[in-house]
Amino acid sequence: MTSSSAEMPDLHAVRHSGRGTTATIYLQKLRHNLAVFRELHHGPIIAVVKADAYGHGLSRVVPVLHEVEAFAVATLEEAQQVRALSRQHKIILLEGVFNAAELETAIEQRFDVVVHQDFQLELIQQCQSAQSALNVWIKIDTGMNRLGFNAGELTEIRQQLSHSAVINKVMLMTHFADSDHSDVVITQSQVNKNQELIKDFESYSLSNTAAVLNGLSDPNEWVRLGIGLFGIKQAEQLEHTTSNLQPVMQLSANILALKHVLSGHSIGYAATYTAELDMQIAIVGIGYADGYPWRPQMTAHALINGQKCPLVGRVSMDMLAVDVSALKDCAVGDEVILWGPELPTDKVAAELKLIPYVLTCGITRRVKFVYVDE
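To start, this report covers the structure provided alongside it. (Residues numbered from 1 in each chain as written. Predicted model: local features only at pLDDT ≥ 70, side-chain atom pairs only at ≥ 80, totals over all residues. Heavy atoms only, no water.)

Moving on: the packing of aromatic side chains. Describing an aromatic ring pair means giving the distance of the ring centres and the angle of the ring planes. Within this structure, the stated rule accounts for 6 aromatic pairs. Both rings, one in Tyr-54 and one in Tyr-357, keep their centres 6.1 Å apart while their planes meet at 45°; by these two values the pair is tilted. Within this pair, whereas Tyr-54 is found in helix α3 (residues 50-55), its partner Tyr-357 is found in helix α12 (residues 356-361), the two being separated by 303 residues in sequence. A relative accessible area of 28% places Tyr-357 in the partly exposed class. Relative to Trp-222, the ring of Trp-137 has its centre 6.2 Å away and its plane inclined at 80°; by these criteria the two rings are edge-to-face. Of this pair, Trp-137 sits in strand β7 (residues 134-139) while Trp-222 is found in the loop between α10 (209-213) and β10 (223-225), placing the two residues 85 residues apart along the sequence. In terms of burial, Trp-137 and Trp-222 fall into one category: buried. Ring-pair connections join several aromatic residues into one group, and the members of that group are Tyr-54, Phe-230 and Tyr-357. (Phe/Tyr/Trp six-rings, centres within 6.5 Å; stacked < 30°, edge-to-face > 60°. Helix = DSSP H or I, 4+ residues; strand = E, 2+ residues; numbered from the N terminus. Buried < 20%, exposed > 50% of the residue type's maximum accessible area, 1.4 Å probe, protein only.)

As structure tokens, this is what we get:
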């Protein structure tokens, strides 16, 4: 097994030095998850790597996912980062471009652009580029009510784009509003609308991670896989089993101190937690400045020496407290797992009444990243 880190290449040293606040990224698990989705969907796959690959590190994730057919991002800057890592892949700008300069860059860098507003159509029509190389995805709103044209505008939009000299190919894109649940009214309505929309398109993208896992994807579509590639699901979602997906990230930190707290004494800011009995707590070197969310009332758990232990009191900027009264063996320097393969991110998020995206995307620069490949 090999590991790499720009500052501290030795994994053991990172975890047992000072705060030890570390995000460990298991690259082999990323490959495994892609293979799982290849079994579920035999058509082309778009790896969504926006927001620094959902907090996992875009520069390390993109090379591992080189077998996908395309990458997708939210911003032009993200697209340029991906292009620097891959000269050949299709790269899709999910929010499109917002001015003429961005459109010129998209054409030069061979980015596909999503078009969802009239002014984006106008930018394309006014473009004077000599290259006929722009691939466009028309975004149709079938129920998400976020981005996209109405379905009734599709014919007119295609006609407008057909008059542009810069267009190479026109494709279709939509987005499920609740693909976590395949049998609800809005999902079934969108499925029906999608089948009508795709009739005149050779290439189209309808489905995200949950749609694929729930069997909603069309066999020939370009599916957009984001959070699922990193082995994370919504705790409440999915009739389809996701047991084969493996969490790619582990977030951990060290115990900085152990304290004995007497019954009736409070712990942490605002005295939100009071010990009902004498208890032992561990002060752990991670806080909201590292990306562990601050919540008014904590109900989450951490994993110490293989045992789940409840967090107590409020999360501080640099530290949090864990009740270790039930542990027989616990010492300063012990590793504390906040989430990871043994403590699924979606379960932690559910306890915090958050979505897992918030956890992985919220990790800050203070956390050291270690990449492990095996």
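This is not the end of the story, as more comes after the structure.
Strand pairing in a sheet relies on backbone hydrogen bonds, with the paired strands running either antiparallel or parallel. Judged by pairing direction, the sheet is parallel, and its 8 strands sit side by side in the order β9-β8-β7-β6-β5-β4-β3-β10 without closing on themselves. Edge positions in the sheet fall to β9 (204-205) and β10, since each of these pairs with one other strand and no more. Bridge count for β7 against strand β8 (residues 167-173) is 6 bridges, and the pairing is parallel. Opposite Asn-135, over in β8, you have Lys-169 as the bridge partner. The strands touched by helix α5 (residues 76-85) are β4 (70-73), β5 (90-93) and β6 (111-115); relative to β5, the strand with the most contacts, the crossing angle is about 170°. Most of the contacts of helix α7 (residues 118-126) go to β6, to which it runs at about 135°, and overall it touches β6, β7 and β8. (Pairing = 2+ DSSP bridges. Contact = heavy atoms within 4.5 Å. Axes fitted to C-alpha atoms, helices over the stretch in contact; angles between N-to-C directions.)

Purely spatial values, then, with no claim about function.
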